[in-house]
Amino acid sequence: MKQKSVAVVGAAETTDLGKIPNLSQIGLHADAALNAMADAGLTAKDIDGIACAGESPTNLAQYLGIVPTWVDGTAVGGCSFMLHVRHAAAAINEGLASTILITHGESGRSRVGVGGWSMARASLNGQFEMPYGPMGPPTLFTIPWLRYAKTYGATEEDLANVAVIQREWAALNPRASFRDPLTTDEVLGSRMIAWPFRKLLCCLVTDGGGALIVTSADRAKDFPQKPVYVLGTGESVETPMVSQMDDFTTSRAFRVSGEKAFAEAGITHDDVDHLMIYDAFAHLPIYGLEDLGFVGRGEAPDFIRERNTAIGGKLPLNTNGGGLSYMHSGMYGMYALQESVRQMRGIAPAQVEGAEISIAHGVGGMFAASGTIVFSNVEP
Amino acid sequence: MSGPGGATRPIPQPTPETEHFWEGTKAGELRIQRCQDCEGAYFPPRPFCPHCSSRNVAVEVASGRATLYSYVIHHREVPGFESPYAIAVVELEEGPRMMTNIVDCEQTPEALELDMALEVTFEEQDDTITLPFFRPAEGSQSRPAAGGAR
């Protein structure tokens with residue numbers, strides 16, 4: 001693979017985050033895209049590749065006035081954008097396109113111009129999971145946790161620690177939805193959603209979007225912003241049905257995607273200065289830390305309790321505040337990528353001083369898919 | 001089972017590949033499939049083995065014995081369900097896992113112990129669909145349902 005030969009030269013989120021009732025879903029994609037193009041000093045005429053999820057790339061290309069020679073509509077849930085970066089790197093290296101726009105936009109809260117959450121009755125989910133009463137991610141994504149908890153002796157307090165520490169990061173971020181300090185007692189006293197998951201262990205529901213522009217490393221220095229190089233990428237899928245995961249204490253898709261990205265980048269865990277792990281729910285950073293190999297199996301709760309992932313810790317994690325405190329429109333992966341890019345540019349509100357390697361790790365569906373991107377601000 | 005306002009739970013729509021399973025539950029049998037080459041048992045239904053890709057597979061009747069692998073207890077109001085209720089994944093004695101609800105049992109963390117012994121029970125939903133549920137196995141230590149909550 002020639003992953004080292006591409007870089008992010010444009011990156012931006014939507015102008016607003018949170019509640020954006022005046023924009024439809026495609027409008028959020030476009031707002032983010034225009035911001036990213038401005039960041040890179042480009043117009044739609046300069047873009048020849050387009051990738052998005054949650055919206056059709058055909059719709060978006062026409063909407064923005066882009067004439068692509070490369071199109072990717074891979075939609076595997078919230079980590080789709082990690083896969084788009086990986087696919088874009090391959091396409092650029094193969095000469096299929098030179099300047100690729102990847103967008104995300106989602107009216108998660110205001111629900112302007114979006115469809116509902118439903119499963120066909122004849123799908124495997126429709127036949128073998130939906131009849132038992134799950135109502136979306138809070139009751140599906142969360143099901144594996146009790147098996148993990150029993151296997152490794154983890155507690156509800158271990159889950160709460162994730163939310164509390166991420167809120168500390170969010171306090172440093174003016175764009176975070178929730179910034180007030182949070183205590184373990186507050187988390188464990190919040191409304192029960194699906195035992196043992198309480199409201200403050202679940203992500204926000206907001207409106208927003210983000211976009212990236214990727215080009216070859218050779219061209220990257222010709223753009224106004226500091227290039228952020230893509231050192232390695234990984235992707236995988238496991239199962240659309242959470243009940244059919246190999247093992248509820250670990251995500252196979254996380255492991256496969258993570259190993260691939262580390263191998264492509266040629267880095268070790270000690271090289272990583274900054275980490276983003278898609279946190280739709282508080283157990284995901286625990287799975288991510290273990291499945292990416294930063295700690296051994298069953299060790300993540302202690303690693304977090306010892307404040308290794310907190311401000312001043314050796315592995316700053318989810319420094320934007322994460323899906324639990326920053327924002328989460330339904331497919332959070334784009335926001336994890338954006339924070340990694342900001343950290344590598346050196347402009348993050350909670351900047352990790354001297355950070356040179358950042359990883360953004362995403363999940364799609366309910367442990368269904370995964371994508372991992374290794375970024376660096378040092379030319380490979 | 002009908003909930004507030006007569007709402008019912010989502011009813012599956014069988015496909016040709018899953019028809020045998022739903023005929024089975026109607027007949028009071030929990031049917032799984034087993035590869036005749038690698039001998040692996042699997043679920044959900046499909047006409048080939050997910051372990052070795054062989055099409056040489058057969059349907060067999062599972063013992064109906066299982067253990068509680070993991071779950072959550074949903075606390076929000078859901079049409080067709082009486083909250084709170086557990087959405088569970090059980091591990092069949094033959095190996096495969098499936099999602100289900102646990103019936104004849106309090107829907108509490110105290111009553112729903114991981115790895116507790118369960119057995120299958122069936123409940124007709126309409127003319128076509130009978131759903132498999134699981135209940136604490138006979139003779140196992142478990143708390144009976146309070147006031148018929150199920």
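Predicted, not measured: the structure shown is a model, and the values here were computed from it.

Considering the overall build of chain B
Tallying secondary structure elements over chain B gives one helix and eight strands in all. Taken from the N to the C terminus, the helices and strands of chain B come in the order α-β-β-β-β-β-β-β-β. Considering only contacts within chain B whose residues lie at least 6 apart along the sequence, 52% involve residues at least 24 apart. Of the accessible surface of chain B, which amounts to about 6,900 Å², a share of 44% is contributed by carbon and sulfur atoms.

Details of the sheet that holds strand E9 (residues 274-277) of chain A
Residues and elements named next belong to chain A. If you trace the nine strands from one edge of the open sheet to the other, you get E3-E2-E4-E7-E1-E8-E11-E10-E9, paired in mixed fashion. The open sheet is flanked by strand E3 (70-72) and E9, the only strands paired with a single partner. Neighbour-to-neighbour, the strand axes of the sheet open up by a mean angle of 20°, direction not taken into account. Bridging between strand E2 (residues 49-52) and E3 involves three bridges; their strand directions are parallel. Bridge pairing links Ile50 to Val71 in E3.

So, the confidence of the model for chain B
On average, residues of chain B score 90 in pLDDT, and 89% of them are at 70 or above. This model gives residues 143-150 of chain B a pLDDT under 50, and the stretch forms 15 contacts once residues within four places in sequence are excluded.

Notes on the packing of aromatic side chains
Summed over the entire model, instances satisfying the criterion amount to 20 aromatic pairs over all chains. Their ring planes at 75° and their centres at 5.0 Å tell us that Phe128 of chain A and Phe43 of chain B sit as a pair that is edge-to-face. Residue Phe128 of chain A is located in helix H4 (residues 124-128), and its partner Phe43 of chain B is located in the loop between strand E2 (41-42) and strand E3 (57-61); the two belong to separate chains. Overall, the relative accessible area of 2% leaves Phe128 of chain A in the buried class.

Let's talk about the interface of chain A and chain B
On the chain B side, the residues contacting the 35 residues of chain A number 38 residues. Summed over the shared surface of chain A and chain B, the result is two salt bridges. Across the pair Asp115 of chain B and Lys150 of chain A runs a salt bridge, and its minimum N-O distance is 2.7 Å. Our count for the chain A to chain B interface comes out at 22 residue pairs in polar contact (both at pLDDT 80 or more). Listing elements by their share of the side of chain A that touches chain B, those giving two or more residues are H4, helix H5 (137-140), helix H6 (145-152) and strand E5 (192-195) of chain A. The residue makeup of the side of chain A that touches chain B, split by class, is 21 nonpolar, seven polar and seven charged. Relative to strand E4 (residues 65-74) of chain B, E5 of chain A is paired through two bridges, and the arrangement is antiparallel. Across the sheet, the residue bridging to Trp195 of chain A is Ile73 of chain B, located in E4 of chain B.

Some words on the nonpolar core
Where a protein is soluble and globular, its nonpolar side chains tend to be buried together. Core analysis: the biggest nonpolar cluster contains 146 residues, and Ile102, Trp145, Leu289 and Phe375 of chain A together with Tyr71 and Phe134 of chain B have the highest contact counts within it. Excluding residues that lie within four positions of it along the chain, Ile102 of chain A makes contacts with Ala51, Phe81, His84, Val85, Ala88, Gly210, Ala211, Leu212, Val214 and Met334 of chain A. Core analysis: the next-biggest nonpolar cluster, separate from the first, contains 26 residues, Ala36, Ala40, Ile47 and Leu60 of chain A among them.

Thoughts on the pairing of E9 of chain A
Remember that side chains alternate between the two faces of the sheet whenever the strand is regular. All names here are of chain A. Going residue by residue along E9, you find His274 and Met276 tucked away on one face and Leu275 and Ile277 tucked away on the opposite face as well. Across four bridges, E9 lies against strand E10 (residues 357-364) in parallel orientation. When the sheet's bridge partners are listed, His274 is paired in E10 with Ser358.

Some details on the UniProt feature "domain: Thiolase C-terminal" (unreviewed entry) in chain A
Residues annotated by UniProt as "domain: Thiolase C-terminal" (unreviewed entry) correspond here to residues 234-377 of chain A. Annotated as residues 234-377 of chain A, this span is 31% helix and 17% strand, and its ends, taken at the C-alpha atoms, are 19 Å apart.

What counts and what doesn't
Residues numbered from 1 in each chain as written. Chains lettered and ligands numbered in written order. Predicted model: local features only at pLDDT ≥ 70, side-chain atom pairs only at ≥ 80, totals over all residues. Heavy atoms only, no water. Helix = DSSP H or I, 4+ residues; strand = E, 2+ residues; numbered from the N terminus. Contact = heavy atoms within 4.5 Å. Areas by Shrake-Rupley, 256 points an atom, 1.4 Å probe, with all protein chains shown as cover. Pairing = 2+ DSSP bridges. Axes fitted to C-alpha atoms, helices over the stretch in contact; angles between N-to-C directions. pLDDT = per-residue confidence, 0-100. Phe/Tyr/Trp six-rings, centres within 6.5 Å; stacked < 30°, edge-to-face > 60°. Buried < 20%, exposed > 50% of the residue type's maximum accessible area, 1.4 Å probe, protein only. Salt bridge = Lys/Arg side-chain N within 4 Å of Asp/Glu carboxyl O. Polar contact = N/O pair within 3.5 Å; in protein donor to acceptor, adjacent residues only side chain to side chain. Nonpolar A, V, L, I, M, F, W, Y, C, P; charged D, E, K, R; others polar. Core = buried A, V, L, I, M, F, W, Y, C linked by side-chain atoms within 4.5 Å. UniProt positions renumbered as here; feature names shortened; annotations may be inferred.

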